[in-house]
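Per-entry structural report
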Amino acid sequence: MEYNFKEIESKWQNQWIADKTYKVAVDASRPKFYVLDMFPYPSGAGLHVGHPLGYIASDVYSRYKRLNGFNVLHPMGYDAYGLPAEQYAIQTGQHPAITTSKNIARYREQLDKIGFCYDWSREVKTCDPIYYKWTQWAFQKMFNSYYCNNCQKAQPIENLIAHFEKEGTANLNVACGEELSFSAAEWLAKTDSEKQDILMNYRIAYLGNTMVNWCPKLGTVLANDEVSEGLSVRGGYPVEQRVMRQWSLRVSAYAQRLLDGLDTIDWTDSLKETQRNWIGRSEGTEMRFGIKGTNQEFTIFTTRADTVFGVTFMVLAPESELVAQVTTADQKTAVDEYVANTKKRTERERIADRKVTGVFSGSYAINPLTKKEIPIWISDYVLAGYGTGAIMAVPAHDSRDYAFAKEFNLPIIPLIEGADVSEQSFDAKEGIMMNSANDELNLNGLTVKESIAKTKEYVTRKGLGRVKVNYRLRDAIFSRQRYWGEPFPVYYKDGMPYMIPAECLPIELPEVSAFLPTESGEPPLGNATKWAWDEKNRCVANVADIDNKTIFPLELCTMPGFAGSSAYYLRYMDPQNTEALVSNQANNYWQNVDLYIGGSEHATGHLIYSRFWNKFLFDMGLICKDEPFQKLINQGMIQGRSNFVYRVKGTNQFVSLGLKNQYDTQEIHVDVNIVKNDILDLEAFKAWQPQFADAEFILEDGKYVCGWAVEKMSKSMFNVVNPDDIIEQYGADTLRLYEMFLGPIDQSKPWDTNGIDGVHKFLRKMWRLFFDKDGNLCLNDAEPSSKELKVIHKTIKKISDDILRFSFNTSVSAFMICVNELGDLKCNNRKVLSDLVVLLTPFAPHVCEELWHLLGNTNSVCDAKWPEFDEKNLVENTVQYPVSFNGKTRFFIEMPVGATKEQIEQAALSNEAAAKWTEGKTPKKVIVVPNKIINIVI
RNA sequence: GCGGGUGUGGCGUAAUUGGUAGCCGCGCUAGACUUAGGAUCUAGUGCCGUGAGGCGUGGGGGUUCGAGUCCCUUCAUCCGCACCA
């Protein structure tokens, strides 16, 4: 019987569906394990061979855990909202829902062929109303909450109102937009609308005027992680800064917890570091500086409080509200012009062209420690969004201040002994202070570190400022001026937003006449004929009725991509629940994700937002874990490996790689699917494109050798390899094995189909172990020989260890060795082969299921028991020791197990070969490491 | 500029964590069988050298009986953040 992978794979895939083999349910009698893939956005191009890499790895791990007795939750779904479907709709008029469901169907078809053990009954799609009901619901919970800094968790907004009613803003320590100050009496005197306005300053989901990244080309705002170097990540269009009234999530309130949480989870250091970077905690001092001739002051933030004695000027961000305050009449024209110029420049221009620019405001500040007058400047090197938008400039010890001081001829006062600041600033936080003393505070002679601490203490004691921690992490802008996203469950009454009652959720995405913004510039939802809220009838009503007093406009923006992906892992636990996001029972059982696999491109987006979202739900008491993903692995990207042919210029002749230097050639991408091991299939090439039909070839050794290069996998490079084609040719089991064999899971590597024969060959070899020469099943039921036991137990240990440390490539190698060795032993022992089949099941489930049944089993191999490792099968009678002289191995000796160090040493030295290396001298020292090595020092 | 990672044959990689460097696979060489194939099997394959042997984990230095692994230094390369005060 031949290894017919096509027959085997379709047979078992159908059987698994029929038997519901992969359906899981809560089962308190078994330990749970939750393995999750980052769900894909179903793009129109379908899957290429790089996409399933992470899915295969997680599938291997899931199956391994299942074979070890765990109840494994391993679901899959789709992140179905997104820009490409909407852009396609704008171009073609096809509804994004149609595009999306078509793409999903294609994805599913491709995924199914690979033989994953997903429980598809738990599938979620973010664009499905029964799913996004809970996205809207969570948003409303955030709207109705604020963040208490004292208890470090989210609280119901009612608690805040109660606080205001009792004592106003006194003793308030909560996350907010701006620090407000009012008494209880003042609060009670406010109108309802004023109160709502104030509460907006504290809500976790809030509507506010914020500086946003506006992308005119996409017609929408973008979050910080959706912008890179002033361009949109999707599309690469320019992005500009703009103040807009937008929904935002107060992610910044969670900055410290997001940071601290990293210490409790098992992610790679580099990913944690990226998140720490993004959160950007910086501990410093806020200090108030008076403005000369007024009783006004302003606050700056610094991490170098020790350098106050070296401040020679102050700088405000051009966008700062203080600019208008400090600008004097005679400087007004210059300042206005500078501010206007700054506004004109996009983020990108600012980054590209870092010229030192600035303008004097006309005012002076008073240094609170030296009482000296220092000029206040305005410059775009200070960012409005960080700290207080104002800095104290210490040119001697900050390179940016230094450049500014040089440009505008401002004084530079060195503060650290031995630092030469004539050419450049001395930025390092080290050294001994000088020039730093007044009547009350003397830093001279102290180290920088000591000075920072001492100044902090002084500033706090004197009431000049306070110790402050700043974060780079910004609140997440949550509005998108797009159609294809979750609608907000929000309507407006007198310009104030109100939440639609929770029992009316979900608010479904309406049909629109066009996917573009309306003529009046409103988002696409403005094109919906039925998109307003009828408070009485509680239904979505016709916009035309809006004059009616009970009908109100609905929010026209939709939610961003990360909304639907922030809590999807919870929904998989209980996907059909209509009463709750997830039931307590399901949540208490499945807890959180034990293993999460996905790409590192989500490090500062999805993985921050979902941690935030999850912590919020945790604060609300809705779920039992505050970190969603316990262990996370980033699978590497699979790049394309392009092939080239070389056309002799001006001809239709193509020259093989080795001979191309003899001609003047032009390099042309050739479809990698008609190249094998870098050898071009000439006939396929002629048939590939009409222009090559009469191509001629200059061959080497009768072959046409192609050049190659690693590039991004894309259609235009003709280097896209479709998993379907690989499966057609080699089968899903070979694809799975090969992807795992390619290299460490977390490493990026080019896809190279060369070498796939090797793993395919190995599967056929394994298959042949079960059959005799004539192709008949041939097994023996004797007890395994000690040699066979040794081979299989060595493999059990290796595979188990390797899977647990996610070293899948070495697992596959171990199989190959095992199969080779069993082949050499001509092993057809039923017990040994049973163990082998179970070991391989996570990697190649189809062929293993077939062989499992050929071995006489009637259950599925998915429910088999992982073979137990027994060390005594590996026990040897003798140990081979390499004998080294001065660290260099010279020969080997064989010793019985359990020989004493002295005996081993004796044997090594008395060996006849030893004489040659000792040259008659007595060794200075002999090192014997039991079971390892003998080293003799001469 | 700051932070993190990586560097081993022609190629993808491995090395029990300080103990025989190069497992496994590709490729290549030679051979066997042959229905001539992109099948299967056998042997070989780090480099130099006919050989004994020497040299080898980006370079230089160090610790150690012993270093791919630890320390210092330097180069190359990839990733993240970046006028963040």
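Residues numbered from 1 in each chain as written. Chains lettered and ligands numbered in written order. Predicted model: local features only at pLDDT ≥ 70, side-chain atom pairs only at ≥ 80, totals over all residues. Heavy atoms only, no water.

1. A few points about the sheet that holds strand 9 (residues 240–249)
Reading across the sheet, the four strands line up as 6-5-9-17 and stay open at both edges, with antiparallel pairing between neighbours. At either margin of the open sheet sits one strand with a lone partner, and together these are strand 6 (220–222) and strand 17 (476–477). Both strand 5 (residues 205–215) and strand 6 contribute to a ladder of three bridges, which runs antiparallel. Pairing of Asn 213 across the sheet is with Leu 222, part of strand 6. (Pairing = 2+ DSSP bridges. Helix = DSSP H or I, 4+ residues; strand = E, 2+ residues; numbered from the N terminus.)

2. Structural notes on the pairing of strand 14 (residues 373–378)
Counting buried positions over the six residues of strand 14 gives five, a clear majority of the element. In the sheet, strand 12 (residues 313–316) pairs with strand 14 via three bridges, with the strands oriented parallel. Note on strand 14: the bridge partner recorded for Met 314 is Ile 376. Relative to strand 14, strand 13 (residues 359–366) is paired through five bridges, and the arrangement is antiparallel. For Tyr 364, the partnering residue across the bridge sits in strand 14 and is Pro 375. Hairpin connection, strand 13 to strand 14: the antiparallel pair is bridged by six residues, and Lys 371 has positive phi, about 65°. (Buried < 20%, exposed > 50% of the residue type's maximum accessible area, 1.4 Å probe, protein only.)

3. Side note on the confidence of the model for chain A
In this model, chain A carries an average pLDDT of 90, and 99% of its residues clear a pLDDT of 70 or more. The complex prediction reports pTM at 0.92, with the ipTM value standing at 0.93. (pLDDT = per-residue confidence, 0-100.)

4. Quick look at the pattern of salt bridges
Opposite charge on two side chains permits pairing when their charged atoms draw close. Per the stated rule, a full pass over the model turns up 42 salt bridges. As a salt-bridge pair, Lys 113 and Asp 724 come within 3.6 Å of each other at their nearest N and O atoms. Of this pair, Lys 113 sits in helix 4 (residues 96–114) while Asp 724 sits in helix 21 (residues 723–730); the two residues are 611 residues apart in sequence, bridging distant segments of the chain. Here Asp 724 falls in the buried class, since its relative accessible area comes to 11%. Residues joined in a network through salt bridges with shared partners are Arg 106, Glu 109, Lys 113 and Asp 724. (Salt bridge = Lys/Arg side-chain N within 4 Å of Asp/Glu carboxyl O.)

5. Remarks on the protein's contact with RNA strand B
Close to RNA strand B lie 52 residues, the nearest being Thr 303, Arg 400, Lys 676, Arg 764 and Asn 935. Counting only atoms of RNA strand B within 4 Å of the protein, the fraction found in sugar and phosphate groups is 61%. Sorting the residues of the surface near RNA strand B by element identifies helix 10 (269–279), strand 11 (297–302), helix 23 (756–768), helix 25 (808–824), strand 34 (888–896), strand 35 (925–929) and strand 36 (933–937) as the ones contributing at least two each. A total of six residues in the surface near RNA strand B trace back to one element, the largest contributor, which is helix 25. Considered class by class, the residues forming the surface near RNA strand B number 18 nonpolar, 18 polar and 16 charged. (Near = heavy atom within 4 Å. Nonpolar A, V, L, I, M, F, W, Y, C, P; charged D, E, K, R; others polar.)

6. Some points on a nonpolar patch on the surface
On the surface, Ile 927, Val 929 and Ile 933 cluster together into a nonpolar patch covering about 190 Å² of accessible area. Mapped onto the elements of the fold, Ile 933 is located in strand 36. Taking relative accessible area as the criterion, Ile 933 reaches 33% and is therefore assigned partly exposed. (Patch = residues over 30% accessible without salt bridge, like charges linked within 9 Å, V, L, I, M, F, W, Y side chains within 5 Å. Areas by Shrake-Rupley, 256 points an atom, 1.4 Å probe, with all protein chains shown as cover.)

7. Details of the side chain of His 606
Structurally, His 606 can be placed in helix 19 (residues 606–619). Those residues in contact with His 606 that sit more than four places away from it in its chain are Met 38, Ser 565, Tyr 568, Tyr 596 and Phe 629. (Contact = heavy atoms within 4.5 Å.)

8. Brief notes about the environment of Lys 787
Summarising the element assignment, Lys 787 is placed in helix 24 (residues 786–804). Residues Lys 787 and Gln 110, spaced 677 residues apart in sequence, show a C-alpha to C-alpha distance of 42 Å.

9. Digging into the pairing of strand 24 (residues 629–634)
Note that strand 23 (residues 593–598) and strand 24 share five bridges and pair parallel. Bridging from a neighbouring strand, Ile 597 pairs with Ile 633 of strand 24. What joins strand 23 to strand 24 is helix 19, and the crossover it makes is right-handed. (Right-handed = clockwise from strand over helix to strand, strands pointing away.)

10. Section: unusual backbone geometry
Of the consecutive residues Leu 505 and Pro 506, the connecting peptide bond is found in the cis state with omega at 0°. Tracing the sequence through the fold places Pro 506 in the loop between strand 19 (496–499) and strand 20 (532–534). Its identity is not glycine, yet Lys 371 carries a phi of approximately 65°, on the positive side. Structurally, Lys 371 can be placed in the loop between strand 13 and strand 14. Under the relative-accessibility criterion, Lys 371 is labelled exposed at 60%. Despite not being glycine, Asn 409 shows a phi value in the positive range, around 60°. As for its position among the elements, Asn 409 is in the loop between helix 14 (399–408) and helix 15 (448–461).

11. What about the environment of Asn 159?
Summarising the element assignment, Asn 159 is placed in helix 6 (residues 157–167). Judged by relative accessible area, which is 35%, Asn 159 ranks as partly exposed. It is 8.9 Å that separates the C-alpha atoms of Asn 159 and Tyr 146, two residues lying 13 residues apart in sequence.

12. Concerning a positive patch on the surface
Residues Lys 761, Arg 764, Lys 765 and Arg 768 make up a contiguous surface patch of positive charge. Along the chain, Lys 765 turns up in helix 23. Residue classification places Lys 765 among the partly exposed positions, given a relative accessible area of 35%. (Lys, Arg positive; Asp, Glu negative; His and termini not counted. Charge placed at Lys NZ, Arg CZ, Asp CG, Glu CD.)

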